[in-house]
Amino acid sequence: MFTALLTRAIRRRLVGPEQRFSFQAAKNIDPGPLERTGLYIHIPFCKNLCPYCPYNKIRYERKLAGPYLQALLEEVEQYYNRIGKAEITSIYIGGGTPTNLIDELGTVLSRIRERFHLVGDICIETNPEDINGENIDKLLQCGVNLVSLGGQSFNNRHLELLGRSYDAAVLERSLELVLAAGFKSVNLDLMFALPGQTAAEVEEDLNRALLSGANQITAYPLFSFPYSTVGRYRRLKKVKMPNLAVRRKMYRTIHNFFLEHGFHRVSVWGFLQGETPRYSSVTRERYIGLGAGAGSHVPGLFYLNTFSVDRYIDSCRNGKLPVALKMNFTKMMELYYWLYWRFYDTYIPKKELFILFGGDNRELQMLLRLLSAFKMATDEGDEIALNERGSFWLHLLQNYFVLPYINRIWTVAQKNPYPSEVDF
Ligand code: SF4
């Protein structure tokens, strides 16, 4: 009851009195001329559909590669006509498994360079089983400079439980190849809080990750995403997920492990070594998403492309932006969106914070006092730094409020290519 009232009050505060907290069917989206933006490219094809995965993806079929490429090229044109020759501050390629369309990606990136002014890095997600000399050369040729490898674990039993179709030897070989290739930075994704995983097994994964030489290691828990099928997965049925206390202890172990080994924290789950550039997927503030199910955040507006690959291709073929749902962002939502991602970064730049919110903002001051009272953050001069405790609990709290919304939108959008509304 209390949570429901609190949630309602937060929503009302965010959207104001005139707007409902809902996604509406989107028509005639036009971000207008933009000076600069990030780009996200979604490649929704996987050869192996992992049971825990909530992202928008379908099984890879070679025959879809050509039409999907044409659709991406058309979408680039559509945006060029609307936003003009904007500066592209970064390109992030995710999925699905982007390397399934590795040849096509080169064509899309060339078109983006022709139409826009690319100044930032190109980041890509990869899978261990797709890393080989040929694919690495292709990534380098098309200008990719930051790579993330979705390793998840060095433990064969856990890889099998997760439905991953490679073993630790393949993961280690792929890491060697990608690290020797000369990318600016290589991130290794690891998962913890796996069903039946012991503390010793977590430490074993951390040690092997450390020995691999990856510049950055992102260790995140296997969330029991309500929208994934993991709970129903045949093999996981009888295995219990570690409880909150165990997950809390594991996070502390991971956090201390990396700090003791010379890494510094760059996000709730990410730890970076030395001065290499940070690989990050989710903290860009303004971006345009290309591909089925991709999201975009432009000034005053957040919107989502249709999740259906077929309808995405059809829409682009017909010269239309494939946008399905939109939510107008009030000034208040823009502010808290910014703050959400700064909490994710675990560092909040004070100057920007006070400019955006106003130094005398009472809500903000109360929030900062609470962080300090609960010993979750420290004032470090130019920034407020969340400590290990603050990073864990605050992110947990954020997810408690945010994941049900993501769950609802994704569930509806995966069932219906063009919903009339998604209400909460
Ligand atoms: S985890 Fe990665 S490879 Fe597995 S289904 Fe999801 S996107 Fe595809």
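Residues numbered from 1 in each chain as written. Predicted model: local features only at pLDDT ≥ 70, side-chain atom pairs only at ≥ 80, totals over all residues. Heavy atoms only, no water.

## Quick look at the domain arrangement of the protein chain
Part 1 of the reasoning: Split by domain assignment, the protein chain resolves into domain 1 (36-273) and domain 2 (331-419).
Part 2 of the reasoning: The gap between the C-alpha centroids of domain 1 and domain 2 is 24 Å.
Part 3 of the reasoning: Of the residues lining the interface, 18 residues belong to domain 1; the matching set on domain 2 comes to 21 residues.
Part 4 of the reasoning: Around 1700 Å² of area is buried between domain 1 and domain 2 when both sides are counted, 64% of it from carbon and sulfur atoms.
Part 5 of the reasoning: Between domain 1 and domain 2 we count 2 salt bridges in total.
Part 6 of the reasoning: For Arg252, the salt bridge identified is with Glu388, shortest N-O distance 3.9 Å.
Part 7 of the reasoning: On inspection of domain 1 and its partner domain 2, the count reaches 4 residue pairs in polar contact (both at pLDDT 80 or more).
Part 8 of the reasoning: In terms of residue count, helix 8 (residues 244-260) provides more of the side of domain 1 that touches domain 2 than any other element does, 6 residues in total.
Part 9 of the reasoning: Split into classes, the residues belonging to the side of domain 1 that touches domain 2 amount to 11 nonpolar, 3 polar and 4 charged. (Domains from an automatic or database assignment. Contact = heavy atoms within 4.5 Å. Buried area = accessible area lost by both parts, 1.4 Å probe. Salt bridge = Lys/Arg side-chain N within 4 Å of Asp/Glu carboxyl O. Polar contact = N/O pair within 3.5 Å; in protein donor to acceptor, adjacent residues only side chain to side chain. Helix = DSSP H or I, 4+ residues; strand = E, 2+ residues; numbered from the N terminus. Nonpolar A, V, L, I, M, F, W, Y, C, P; charged D, E, K, R; others polar.)

## Considerations on the site of the ligand
Part 1 of the reasoning: Taken together, Cys46, Asn48, Leu49, Cys50, Tyr52, Cys53, Lys57, Gly96, Thr97, Asn127 and Arg164 are the residues near the ligand.
Part 2 of the reasoning: A breakdown of the residues in the shell around the ligand according to their chemical character gives 5 nonpolar, 4 polar and 2 charged. (Near = heavy atom within 4 Å.)

## Quick look at the pattern of salt bridges
Part 1 of the reasoning: The tally for this structure, following the rule as stated, stands at 21 salt bridges.
Part 2 of the reasoning: Note that Arg208 is salt-bridged to Glu172, the shortest N-O span being 3.2 Å. A residue pair is termed long-range when its members are at least 10 positions apart, and Arg208 in helix 7 (residues 199-212) and Glu172 in helix 6 (residues 168-180) qualify at 36 residues.
Part 3 of the reasoning: For Glu172, a relative accessible area of 31% puts it in the partly exposed group.
Part 4 of the reasoning: Taking the shortest distance from any N to any O, the salt bridge between Arg317 and Asp314 comes out at 3.4 Å. Placement of the pair is Arg317 and Asp314 together in helix 9 (residues 309-317), with a separation of 3 residues, close to one helical turn.
Part 5 of the reasoning: You can call Arg317 exposed: its relative accessible area is 60%. (Buried < 20%, exposed > 50% of the residue type's maximum accessible area, 1.4 Å probe, protein only.)

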